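Architecture at a glance
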Amino acid sequence: MKVLIDTNILLDVILLREPHFELSKRVLQCCQSIVDGYIAVHTFSNMFYVLHETEDFSIEDCRNTFNKLLYVFDVASLDKSDVIAAVNNETFDDLEDSMQHQSSIACKLDYSVTRNVDDFEKATIPAVTPKEFLRLVHAEK
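Since the model is a prediction, treat every value here as computed from it, not as a measurement. (Residues numbered from 1 in each chain as written. Predicted model: local features only at pLDDT ≥ 70, side-chain atom pairs only at ≥ 80, totals over all residues. Heavy atoms only, no water.)

**Description of the nonpolar core**
One broad trend across soluble globular proteins is that nonpolar side chains are buried collectively. One finds Ile5 and Phe133 to be the most contacted residues of the largest nonpolar core, which totals 28 residues. With residues near it in sequence (within four places) discarded, Ile5 still touches Leu10, Val27, Leu28, Cys31, Tyr38, Phe73, Gln100 and Val113. (Core = buried A, V, L, I, M, F, W, Y, C linked by side-chain atoms within 4.5 Å. Buried < 20%, exposed > 50% of the residue type's maximum accessible area, 1.4 Å probe, protein only. Contact = heavy atoms within 4.5 Å.)

**Overview of the packing of helix 1 (residues 7-14) against helix 3 (residues 41-54)**
Their axes nearest at 11 Å, the elements helix 1 and helix 3 cross at an angle of 40°. Taken together, the axes of helix 1 and helix 3 are oblique relative to one another. Seen along the crossing, helix 1 lies across helix 3 with a hand that is right-handed. Packed against helix 1, whose contacting residues are Thr7, Leu10, Leu11 and Ile14, the element helix 3 presents Thr43, Met47, Val50 and Leu51 at the interface. Classifying every residue of the contact of helix 1 with helix 3 by side-chain character gives 6 nonpolar, 2 polar and no charged. (Axes fitted to C-alpha atoms, helices over the stretch in contact; angles between N-to-C directions. Helix = DSSP H or I, 4+ residues; strand = E, 2+ residues; numbered from the N terminus. Parallel < 35°, antiparallel > 145°, perpendicular 65-115°, else oblique. Left-handed = near helix turned anticlockwise from the far one by under 90°. Nonpolar A, V, L, I, M, F, W, Y, C, P; charged D, E, K, R; others polar.)

**Some points on the pattern of salt bridges**
According to the stated counting rule, one finds 3 salt bridges in the structure shown. Asp12 is paired through a salt bridge with Arg115; the nearest N and O atoms lie 2.8 Å apart. Placement of Asp12 in helix 1 and of Arg115 in the loop between strand 4 (111-113) and strand 5 (127-128) is noted, with a sequence separation of 103 residues between them. By relative accessible area, Arg115 is classed as partly exposed at 28%. Among the ionic pairs, Lys25 bridges to Glu22, the shortest N-O distance being 3.9 Å. Linking Lys25 with Glu22, this pair stays in helix 2 (residues 21-33), spanning 3 residues, or about one helical turn. In this structure Lys25 comes out as partly exposed when scored by relative accessible area, which is 28%. It is possible to trace a salt-bridge network through shared partners that takes in Asp12, Arg17 and Arg115. (Salt bridge = Lys/Arg side-chain N within 4 Å of Asp/Glu carboxyl O.)

**Re the side chain of Asn89**
As for its position among the elements, Asn89 is in the loop between helix 5 (80-87) and helix 6 (95-106). Of note is the side chain of Asn89, whose polar atom sits 2.9 Å from the backbone nitrogen of Thr91. If we ignore the near neighbours within four places in the chain, the residues touching Asn89 are Ser98 and His101. (Polar contact = N/O pair within 3.5 Å; in protein donor to acceptor, adjacent residues only side chain to side chain.)

**Looking at the pairing of strand 2 (residues 36-40)**
Each regular strand carries side chains that alternate between the two faces of the sheet. Counting buried residues along strand 2, 4 of its 5 residues qualify, which places the element largely inside the surrounding structure. Bridge count for strand 1 (residues 2-5) against strand 2 is 3 bridges, and the pairing is parallel. Pairing of Val3 across the sheet is with Gly37, part of strand 2. Relative to strand 3 (residues 74-76), strand 2 runs parallel, the two being bridged by 3 bridges. Residue pairing across strands places Ile39 opposite Val75, the latter belonging to strand 3. (Pairing = 2+ DSSP bridges.)

Dropping the structure here:
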């Protein structure tokens, strides 16, 4: 199974955000051992902004955090045609969500794991919550 991990799941773990921390941590643990986890390339810049500008992480803290993530996760990149598709995808009102979805398509992923599944209601790659993802992973064993 190949899955894209949405920014909110990563930030739940990095920032120890309750009440989401435990389930999000279990998702990331699955990506270390059971499934192939991907992070969209633009997620790093989004997280840098949140961590450095709003959470007072130093640049070095951000680099260290990202290097740890890059040890576990593959990066879902977008080329120009993917960005054009994301920009013009009228299914999405939010460009970041559209880019996440297009990243999943470009890498031929099975699911996107997010807490905001409603934002991906019409997506062609299914979006699942962390709880749903964990059920899927354990059902495949």
